[in-house]
Amino acid sequence: EPFIGGGSVLFYLLKNYSQKINKIIINDLNTRLIETYKTIKKEPEALIYEIDKTRAEYDSITTYREKRAYFDKKKTKFNSLEIKPENSLQLSSLFIFLNKTGYNGMYRENNKGEFNIPCNITIKMENQKLDLNTIKPSIYSDQNRKNFQDNILNISQLINQKKIEIHTGTYE
């Protein structure tokens, strides 16, 4: 798959045609996305742990303004991390956090290669009382925690079982 993105084509093919597939290569130009897939492959439990820590910090914040500031702080950290193996776990955890708490779950970079999606909390909301019933869950809701973790573990298992090669670069 030349543009893996969220992997929907890959996972559909694995679910429906797994026995007929001999070799799988996934690729994307987005090196941060590819690092996240590699982290899911190599250390899913450590990634889950890091995401859980970030979620606990984010969910303990009681105002919209502070949640937005926390998001912006994590975005700055994410953009400052050099893409290299020793940063992969932190980079991957932040990639997932920013994707899940950013506006509409989008991923976009500016011309400097920096993630530039705003937080899902608007300036208009900052002066309102925090309504825990309407704010989007940070990464996953309490009810979906196990499902979220199982998804990461299942993706890791699939990537390892099928010996999926993970690349970054052009599809040519």
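Further up the page is the structure itself.
Residues numbered from 1 in each chain as written. Predicted model: local features only at pLDDT ≥ 70, side-chain atom pairs only at ≥ 80, totals over all residues. Heavy atoms only, no water.

Participant: Tell me what's going on with the packing of aromatic side chains, and back it up with residues and numbers.
Facilitator: The tally for this structure, following the rule as stated, stands at nine aromatic pairs. Centre to centre, the rings of Y12 and Y17 are 6.3 Å apart; their planes meet at 65°, and the pair counts as edge-to-face. Residue Y12 is classed as partly exposed on the basis of its relative accessible area of 46%. The exposure class assigned to Y17 is partly exposed, which follows from its relative accessible area of 37%. When the centroid spacing of 6.0 Å and the interplanar angle of 85° are considered together, the rings of F78 and F115 count as edge-to-face. With F78 in helix α4 (residues 64-80) and F115 in the loop between α5 (88-101) and α6 (123-126), this pair connects stretches of sequence that are 37 residues apart. We note that F78, like F115, is buried. (Phe/Tyr/Trp six-rings, centres within 6.5 Å; stacked < 30°, edge-to-face > 60°. Buried < 20%, exposed > 50% of the residue type's maximum accessible area, 1.4 Å probe, protein only. Helix = DSSP H or I, 4+ residues; strand = E, 2+ residues; numbered from the N terminus.)

Participant: Give a description of the pattern of salt bridges that names residues and reports values.
Facilitator: Enumeration over the complete set of coordinates arrives at ten salt bridges. Here D59 makes a salt bridge to R55, at a shortest N to O gap of 3.1 Å. With D59 and R55 both in helix α3 (residues 44-59) and four residues apart, the pair spans about one turn of that helix. K84 is the partner of E82 in a salt bridge, and the nearest nitrogen-oxygen pair spans 3.8 Å. The exposure class of K84 is partly exposed, given its relative accessible area of 29%. Three or more residues joined by partner-sharing salt bridges are found here, namely E82, K84 and E86. (Salt bridge = Lys/Arg side-chain N within 4 Å of Asp/Glu carboxyl O.)

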